Amino acid sequence: MAAGNMKTIKRRIKSVGSTKQITKAMELVASSKLRKAKKKEKETRPFFEAQEKMLHEIYRSHSVETEYAKHRGEVKNSLYIVIAGDKGLAGGYNSNVFKKVGEIHGAKPWSPKIFAIGKKAVDYFEKRDFNLVGGRSNIAENIKSGHCSGIARAAIEQFVNGEVDEVKMFYTKFVSSMVQETKVMQLLPLVLPEEYKDENEPGDAGKQEQEAKSKLPPTYDPSPDAVFHRIVPNFIAGLIQSAITESYTSELSARQTAMESASENAEEMIDRLSLLYNRARQEKITNEINEIVGGANAL
């Protein structure tokens, strides 16, 4: 009996050891890619934040009339741009994004249109009752502006033509190596952030007056409307590219953490199995000694 247990335990130790080698290799690969992704994310974030600020400044200061900001009352059709990973084994990274889509959509009687980015997102929505209107896989690692321009044009076209009443983007923001937050951003219709909505908050009036006097308002050629209409598609494409970069960094971080945890669990399992193996081996030796002693006493 002990010999049979020993063989089983030994096979199990070997199997867990092989799994540990795989998870450790995946952890090292994710760690290597994460360093590059962090650098890219850090370099791109200020540019897109500045672009977003410029758009809001034009929209707020000149009251630009644009089809991109038209609200059509009750939302009856939506387009969701959902960014997930191309691979699994990243903890709750992918499932958290899909869960957020379910929370935002809720129990609405209509099904939103989905533009999925990432193989896991494409596979997920293809197998469920969603209207998948487009998808892109394996673009996150080497994301280019051209990838995002096509997605932005498709989203804008559906909104302007009245096919959808809103466009929202679901992505994962990289906060730190241990924290990644699932976010929802409304792309269309355009809305002003809270800091732009109320210009007369207590304590801000004097500051705003001083800022207004210290600099002249910017001028736009040929007009704010023309500039606004030209930069909105680029702005949306930029936001999508930034979100994909953030999501990819979050995916790598989540995978590194998950594989590190898996490697540690495998090591603990090997230790427990080794203890069981040693106990079974000791039991076998004890039984053999007892049989020898019993045989000697019989003589």
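A. Molecular detail of empty space enclosed by the protein. Applying the stated criterion to the full structure yields 1 cavity of 30 Å³ or more. Taken as a whole, the largest cavity holds about 40 Å³ of empty space. Lining the largest cavity, in full, are I83, A84, D86, I117, G118, R136, S137, N138, I139, A140 and I244.

B. Examining a negative patch on the surface more closely. Together, E260, E264, E268 and D271 make up a negatively charged patch on the protein surface. Within the secondary structure, E268 is located in helix 7 (residues 224-298). What makes E268 partly exposed here is its relative accessible area of 45%.

C. Spotlight on the pairing of strand 3 (residues 131-136). Pairing analysis gives 5 bridges linking strand 2 (residues 113-117) to strand 3, with the strands arranged parallel. Opposite I117, over in strand 3, you have R136 as the bridge partner. Read from strand 2 through helix 3 (residues 119-126) to strand 3, the crossover connection turns out right-handed.

D. Spatial organisation of the packing of aromatic side chains. Per the stated rule, a full pass over the model turns up 5 aromatic pairs. Pairing F98 with F125 gives two aromatic rings, centres 5.7 Å apart and planes at 85 degrees, and the pair type is edge-to-face. In this pair, F98 sits in helix 2 (residues 93-105) while F125 sits in helix 3, placing the two residues 27 residues apart along the sequence. Of the two residues, F98 and F125, neither departs from the other in class, the shared state being buried.

E. Geometry of the sheet that holds strand 2. The strand order 3-2-1-4-5 describes an open sheet built from 5 strands, whose pairing is mixed. The open sheet has two edge strands with one neighbour each: strand 3 and strand 5 (180-188). Averaged over neighbouring strand pairs, the angle between their axes works out to 20 degrees when direction is ignored. Its contacts with the sheet place helix 7 against strand 1 (78-83), strand 2, strand 4 (166-174) and strand 5, and it is angled at close to 35 degrees to strand 4.

F. Summary view of the packing of helix 2 against helix 3. Between helix 2 and helix 3, whose axes approach to 11 Å, the crossing angle comes to 45 degrees. Comparing the axis directions of helix 2 and helix 3 gives the class oblique. Between helix 2 and helix 3 lies a crossing of right-handed hand. Of the residues in helix 3, those in contact with N94, F98 and V101 of helix 2 are K120, A121, Y124 and F125. In the contact of helix 2 with helix 3, the residues fall into 5 nonpolar, 1 polar and 1 charged.

Conventions used here
Residues numbered from 1 in each chain as written. Predicted model: local features only at pLDDT ≥ 70, side-chain atom pairs only at ≥ 80, totals over all residues. Heavy atoms only, no water. 1 Å grid on protein atoms, 1.4 Å probe; cavity = no way out; pocket = protein on both sides within 12 Å on 5 of 7 lines; lining within 4 Å. Points joined across faces, edges and corners; volume = space filled by probe spheres on them. Patch = residues over 30% accessible without salt bridge, like charges linked within 9 Å, V, L, I, M, F, W, Y side chains within 5 Å. Areas by Shrake-Rupley, 256 points an atom, 1.4 Å probe, with all protein chains shown as cover. Salt bridge = Lys/Arg side-chain N within 4 Å of Asp/Glu carboxyl O. Lys, Arg positive; Asp, Glu negative; His and termini not counted. Charge placed at Lys NZ, Arg CZ, Asp CG, Glu CD. Helix = DSSP H or I, 4+ residues; strand = E, 2+ residues; numbered from the N terminus. Buried < 20%, exposed > 50% of the residue type's maximum accessible area, 1.4 Å probe, protein only. Pairing = 2+ DSSP bridges. Right-handed = clockwise from strand over helix to strand, strands pointing away. Phe/Tyr/Trp six-rings, centres within 6.5 Å; stacked < 30°, edge-to-face > 60°. Axes fitted to C-alpha atoms, helices over the stretch in contact; angles between N-to-C directions. Contact = heavy atoms within 4.5 Å. Parallel < 35°, antiparallel > 145°, perpendicular 65-115°, else oblique. Left-handed = near helix turned anticlockwise from the far one by under 90°. Nonpolar A, V, L, I, M, F, W, Y, C, P; charged D, E, K, R; others polar.

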